[in-house]
Amino acid sequence: MISLTNPLADPYLVLEKVYSDGKYLKQAINETQIEFANRARTVKICYGVVENDIFLSRIIAANTQKQPKAAVKLILKIALYMLEFMDKHGYMVVDRAVELCKKLGKDGASGFVNALLRSYKIPPLPESTDERISQITSSPLWLVKRLRRSYKSEAEAILSAPSQGVCVYFKRGAEKYMSLPHTDTPFENTYIFKNFVRDGGYDVGDYTFRSVGSAAICAAVPPCGKLLDACAAPGGKSVLLAEKCASVTSCDIHAHRVALINSYKQRMGAENVTAVLADSSVFNAEYENAFDTVLCDVPCSGTGVINENPDIKLFRKEEDIASLNKLQLAILENCSRYVKSGGRLFYSTCSVLPEENDSTVCNFLQKHNNFTLEIPESPLAHRRTKFGLQYLPNISLGAGFFITTFIKE
């Protein structure tokens, strides 16, 4: 049994699920029994290790002749993060790392861990610009190259833009929380807090958490009669759009995520939302020409929200982009059949890659001349591209995403 007094113990239990089992970080945190008194510290360490994985791995590689085994390498990453990014006494971190090694049955590696943590050197940065940015931002090299190709010198700022905090939408009672340090957003009743502790108001639907990207997408959609949210889980946009649309049909391909939509709508009192188990890339004759507005917030690389979900840097591969492109276009083309004459079709992603945004829109328009592009307006800082609005983490309150609109003739 690992001692709970060891500050490396809980981070290890969480991160072992990420690195060994391939679980998303938020999921691993939720599934792990973490010591409550030190939960904030544990979460900080877990996010910090994943955010800085390439940097930490580079230190280990430069100070060893061969790669240590997975468990030992993870202990080293946690300890190095605490030494480099947290105000912790070095001797305490080293001693606890060695203790954890022994508790995990890695006695043979304890001397190696002790020696490396007491004497490691940080290697110099590579001369190559791409590799340097990859190391500085702990971002995969393939992503750096793509962003440098699209955004030139701005790539580093995009990849290093920090999270702005916790974005909260208030249905009622916002005044109770306005004494907390916060940043206004250009969206109604939506604020970003540096620190926000969930209380009973969440459970009764006084407020909910949302991203700035979600707020901008919902703001771009005008009031309508029937709306289809084609890729809706966990249901945040559906619930918010239900405030200005007569009815919302919310689809997801996974049953457990449909359950999330139902839970969300019940908590927020959105009775005009109907959650449906459906694959939005497969035609449903009942939906043909049935909706005034269709929103396709499609599955994507997530490269615009890395600062909130650093495990994207671990799990997303360059070869994923082509298959995502195919799925995005399939969903958009299929759902275009559900739009009434004169209705609106929205396309959005949380990606900063033009391949998933402008390119997909261009491909769609080439095949569907019965749709006209209508780029929406937005009060949130953005870049206007040929086919839509591109929001970037370094200029858009930490959020990177894309949105555009089509009108069906």
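As shown above, the structure is provided for reference.
Residues numbered from 1 in each chain as written. Predicted model: local features only at pLDDT ≥ 70, side-chain atom pairs only at ≥ 80, totals over all residues. Heavy atoms only, no water.

A.B. asks: How should the overall build of the chain be read in this particular structure?
C.D. replies: Tallying secondary structure elements over the chain gives 17 helices and 13 strands in all. By principal-axis analysis of the C-alpha atoms, the chain measures approximately 70 × 50 × 40 Å. Among the 409 residues that make up the chain, the fraction classed as buried is 52%. In the chain, the 48 positive side-chain charges and the 44 negative ones have mean positions that sit 4 Å from each other. (Helix = DSSP H or I, 4+ residues; strand = E, 2+ residues; numbered from the N terminus. Buried < 20%, exposed > 50% of the residue type's maximum accessible area, 1.4 Å probe, protein only. Lys, Arg positive; Asp, Glu negative; His and termini not counted. Charge placed at Lys NZ, Arg CZ, Asp CG, Glu CD.)

A.B. asks: For this particular structure, what's the right way to read the packing of aromatic side chains?
C.D. replies: We describe a pair of aromatic rings using the distance from one ring centre to the other and the angle between the two ring planes. Tallied over the full model, the rule gives 23 aromatic pairs. Measuring from centroid to centroid gives 6.0 Å for phenylalanine 283 and tyrosine 338, while their planes differ by 25 degrees, and the two rings are stacked. A residue pair is termed long-range when its members are at least 10 positions apart, and phenylalanine 283 in the loop between strand S7 (273-277) and strand S8 (291-297) and tyrosine 338 in the loop between helix H16 (320-336) and strand S9 (339-349) qualify at 55 residues. For phenylalanine 283, a relative accessible area of 31% gives the class partly exposed. The exposure class of tyrosine 338 is buried, given its relative accessible area of 2%. (Phe/Tyr/Trp six-rings, centres within 6.5 Å; stacked < 30°, edge-to-face > 60°.)

A.B. asks: Sorry if this is basic, but what is going on with the nonpolar core here?
C.D. replies: Nonpolar side chains in soluble globular proteins tend to end up buried together. Formed by 40 residues in total, the largest nonpolar core has its most connected members in Leu8, Leu15, Leu25, Ile78 and Leu117. Ranked by residues supplied to this core, first place goes to helix H5 (residues 70-85) with 10 residues. Among residues more than four places away in sequence, those in contact with leucine 117 are Leu76, Ala79, Leu80, Leu83, Val94 and Ala97. (Core = buried A, V, L, I, M, F, W, Y, C linked by side-chain atoms within 4.5 Å. Contact = heavy atoms within 4.5 Å.)

A.B. asks: Got a minute to help me understand the pairing of S8 in this structure?
C.D. replies: Regular strands place side chains that alternate from one sheet face to the opposite one. Taking burial as the measure, the 7 residues of S8 include 6 buried ones, the bulk of the element. In terms of strand pairing, strand S5 (residues 224-229) meets S8 through 3 bridges, oriented parallel. Its bridge partner being in S8, leucine 227 is matched across the sheet by threonine 293. In this sheet, S9 lies alongside S8 in parallel orientation, the contact comprising 6 bridges. The residue of S9 that forms the bridge with aspartate 297 is serine 348. (Pairing = 2+ DSSP bridges.)

A.B. asks: What am I meant to see in the pattern of salt bridges here?
C.D. replies: Think of it this way: side chains of opposite charge can pair up when their charged atoms draw near. Using the criterion set out here, one finds 16 salt bridges in the structure. The partner of aspartate 95 in a salt bridge is arginine 118, with the nearest N and O atoms 3.5 Å apart. Residue aspartate 95 is located in helix H6 (residues 90-103), and its partner arginine 118 is located in helix H7 (residues 107-119); the two are separated by 23 residues in the primary sequence. Looking at arginine 118, the relative accessible area reads 52%, which means it is exposed. Among the charged side chains, a salt-bridge network with shared partners connects Arg146, Glu318 and Glu355. (Salt bridge = Lys/Arg side-chain N within 4 Å of Asp/Glu carboxyl O.)

A.B. asks: Help me understand the sheet that holds strand S4 (residues 207-209) in this model?
C.D. replies: Strand pairing in a sheet relies on backbone hydrogen bonds. The paired strands run either parallel or antiparallel. Sheet architecture is open: 4 strands sit in the order S2-S3-S1-S4, paired in antiparallel fashion. Every other strand in the sheet has two partners, leaving strand S2 (182-184) and S4 as the edge strands with one partner each. Sheet twist, expressed as the average angle between the axes of neighbouring strands with direction ignored, equals 30 degrees. The pairing of strand S1 (residues 166-170) with S4 spans 3 bridges and is classified as antiparallel. Bridge pairing links valine 168 to phenylalanine 209 in S4. (Axes fitted to C-alpha atoms, helices over the stretch in contact; angles between N-to-C directions.)

A.B. asks: Help me understand the layout of surface pockets in this model?
C.D. replies: One way to see where empty space is left: roll a probe the size of a water molecule over the atoms. Its boundaries defined by the atoms lining it, the second largest pocket holds a volume of some 210 Å³. Taken together, Tyr169, Phe187, Glu188, Thr190, Arg210, Ala215, Cys218, Ala219, Leu240, Glu243 and Lys244 make up the full set of residues lining the second largest pocket. Element by element, the count of residues in the lining of the second largest pocket is highest for helix H12 (residues 212-220), at 3 residues. Of the residues in the lining of the second largest pocket, the class split is 6 nonpolar, 1 polar and 4 charged. (1 Å grid on protein atoms, 1.4 Å probe; cavity = no way out; pocket = protein on both sides within 12 Å on 5 of 7 lines; lining within 4 Å. Points joined across faces, edges and corners; volume = space filled by probe spheres on them. Nonpolar A, V, L, I, M, F, W, Y, C, P; charged D, E, K, R; others polar.)

A.B. asks: So what exactly am I meant to see when it comes to the packing of helix H1 (residues 9-19) against helix H3 (residues 39-51) here?
C.D. replies: Pairs of packed helices are described in terms of their axes, by the angle between the two and the distance that separates them. The N-to-C vectors of H1 and H3 enclose an angle of 40 degrees; their axes lie 9 Å apart at closest approach. Taken together, the axes of H1 and H3 are oblique relative to one another. Relative to H3, H1 is oriented so that their crossing is right-handed. Judged by residue contacts, Asp10, Pro11, Val14, Leu15 and Tyr19 of H1 engage Thr42, Ile45, Cys46, Val49 and Val50 from H3. Of the residues in the contact of H1 with H3, the class split is 8 nonpolar, 1 polar and 1 charged. (Parallel < 35°, antiparallel > 145°, perpendicular 65-115°, else oblique. Left-handed = near helix turned anticlockwise from the far one by under 90°.)

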